Amino acid sequence: MKQHLGAGLAILALAATLSGCGSSSGTAPAGTSPATGGAASSTAGSSTGTGSSGASSAGPSSTSSSASASSSQAGAAVDLKTASSTAGSIVVDAKGMSLYFFTKDTKDSGTSACTGSCLVSWPPLTTTSGTPAAEGVTGKVGTINTPDGKKQVTLNGMPLYYFAKDTKPGDTLGQGVGGVWYLSDPSGAMIKAAGQGY
């Protein structure tokens, strides 16, 4: 009886040792494998990570995925480009949304005259890049700091804004609003001749 009990304990000890070794070699116990493997596959983009080694690689992979996504968004596309409209060639953002100047802004002042409730109707064009990229735009592109710490894109020293009622590329509903909001041509000059609408 004592021999059978001793043999049974030895087998249990051996099984425990093997299962402990198995988890460090990449074959985790069934209870932990799906969750860890799922996290590794969703964050790292592959289904090969399992066990404790998969769990430790999932954390850094997730962080680097987020970091690379952020950096690719920051430098992936141009901030400004041109498009055709009834007002002629105008400056738009990377998605084709029209951009406007506010005549109450002062060139090269480093600040925006549109604050508070003005920003609800006229949100600023912001960027994460210190040097915004432009395609087809010949005016000087730069940035100013917004009150909340973002970088607002400028053209020839004047801040650029969206109009909240423009809902799709090609809309120019903000043109001429209040006699103070105007589209820009590629050189950075205000287009005041065109009427409202697209």
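K.L.:
Would you mind showing me how to read the nonpolar core here?
P.N.:
Side chains of a nonpolar character, in soluble globular proteins, are inclined to be buried together. Within the largest apolar cluster, 14 residues are counted, with the highest numbers of intra-cluster contacts made by C114, W122 and W181. Sorting the residues of this core by element identifies β2 (88–92), β3 (100–102) and β9 (181–184) as the ones contributing at least two each. The contact partners of C114, leaving out residues within four places of it in the chain, are F102, D105, L119, W122, Y161 and W181. Of all hydrophobic cores here, the second largest spans 10 residues; its members include L80, L99, F101 and V137.

K.L.:
Honestly, the side chain of S129 in this entry has me stumped. Any pointers?
P.N.:
Mapped onto the secondary structure, S129 falls in the loop between β4 (126–127) and β5 (134–135). A distance of 2.9 Å separates a polar side-chain atom of S129 from the backbone oxygen of T131.

K.L.:
Explanation requested: the pairing of strand β1 (residues 80–85) in the structure shown.
P.N.:
For a regular strand, side-chain orientation follows a simple rule: the groups alternate between the two sheet faces. With two bridges joining them, β1 and β5 adopt parallel strand pairing. Among the inter-strand pairings, L80 is bridged to a residue of β5, identified as A134. Alignment of β1 against β2, held across five bridges, turns out to be antiparallel. Residue pairing in the sheet places S85 in a bridge with G88 of β2.

K.L.:
Sorry, what's going on with the layout of surface pockets here?
P.N.:
Left-over empty space is what a probe sized like a water molecule reveals as it rolls over the atoms. Volume-wise, the second largest pocket comes out at about 170 Å³. Taken together, 15 residues make up the lining of the second largest pocket; nearest its centre are L119, P124, T146, P147 and D148. A breakdown of the residues in the lining of the second largest pocket according to their chemical character gives five nonpolar, eight polar and two charged.

K.L.:
Before we go on, may I ask you to explain unusual backbone geometry in this structure?
P.N.:
With the exception of glycine, most residues fall at negative phi, and the peptide bonds are largely trans. Despite not being glycine, D108 has its phi angle at roughly 60 degrees, a positive value. Looking at where D108 falls in the secondary structure, it is placed in the loop between β3 and α4 (118–121). Within the chain, N156 stands out as a residue other than glycine whose phi angle is a positive 55 degrees. Locating N156 in the fold gives a position in the loop between β7 (151–155) and β8 (158–159).

K.L.:
Which parts of the structure should I look at to understand the packing of aromatic side chains?
P.N.:
Given two aromatic rings, one states the distance between the centres and the angle between the planes to describe the pair. In total, this model carries seven aromatic pairs according to the counting rule given. Considering the side-chain rings of F102 and W181, the 4.1 Å spacing of their centres and the 10 degrees angle between planes classify their relative orientation as stacked. Here F102, found in strand β3, pairs with W181, found in strand β9; they are 79 residues apart in sequence, far enough to count as distant. A residue is classified by how much of its surface remains accessible, and F102, at 7% relative accessible area, is buried. Given the relative accessible area of 4%, W181 is considered buried. Ring centres of W122 and F163 lie 4.3 Å apart, and the angle between their planes is 25 degrees; on these two criteria the pair is classed as stacked. With a gap of 41 residues between them, W122 in the loop between α4 and β4 and F163 in the loop between β8 and β9 connect regions that are remote in the sequence. Look at W122 and you get buried, because its relative accessible area is 6%. Three or more aromatic residues joined by ring pairs make a cluster, and in this case those are Y100, F102, W122, Y161, F163 and W181.

K.L.:
What exactly am I supposed to notice about the confidence of the model for the protein chain here?
P.N.:
Low-pLDDT stretches of the model should not have their predicted coordinates read in fine detail. Averaged over the protein chain, the pLDDT score is 73; the fraction of residues at 70 or greater is 59%. Ignoring residues within four places in sequence, the model shows residues 12–76, a span with pLDDT below 50, making 35 contacts including any to other chains.

The rules behind each value
Residues numbered from 1 in each chain as written. Predicted model: local features only at pLDDT ≥ 70, side-chain atom pairs only at ≥ 80, totals over all residues. Heavy atoms only, no water. Core = buried A, V, L, I, M, F, W, Y, C linked by side-chain atoms within 4.5 Å. Buried < 20%, exposed > 50% of the residue type's maximum accessible area, 1.4 Å probe, protein only. Helix = DSSP H or I, 4+ residues; strand = E, 2+ residues; numbered from the N terminus. Contact = heavy atoms within 4.5 Å. Polar contact = N/O pair within 3.5 Å; in protein donor to acceptor, adjacent residues only side chain to side chain. Pairing = 2+ DSSP bridges. 1 Å grid on protein atoms, 1.4 Å probe; cavity = no way out; pocket = protein on both sides within 12 Å on 5 of 7 lines; lining within 4 Å. Points joined across faces, edges and corners; volume = space filled by probe spheres on them. Nonpolar A, V, L, I, M, F, W, Y, C, P; charged D, E, K, R; others polar. Phe/Tyr/Trp six-rings, centres within 6.5 Å; stacked < 30°, edge-to-face > 60°. pLDDT = per-residue confidence, 0-100.

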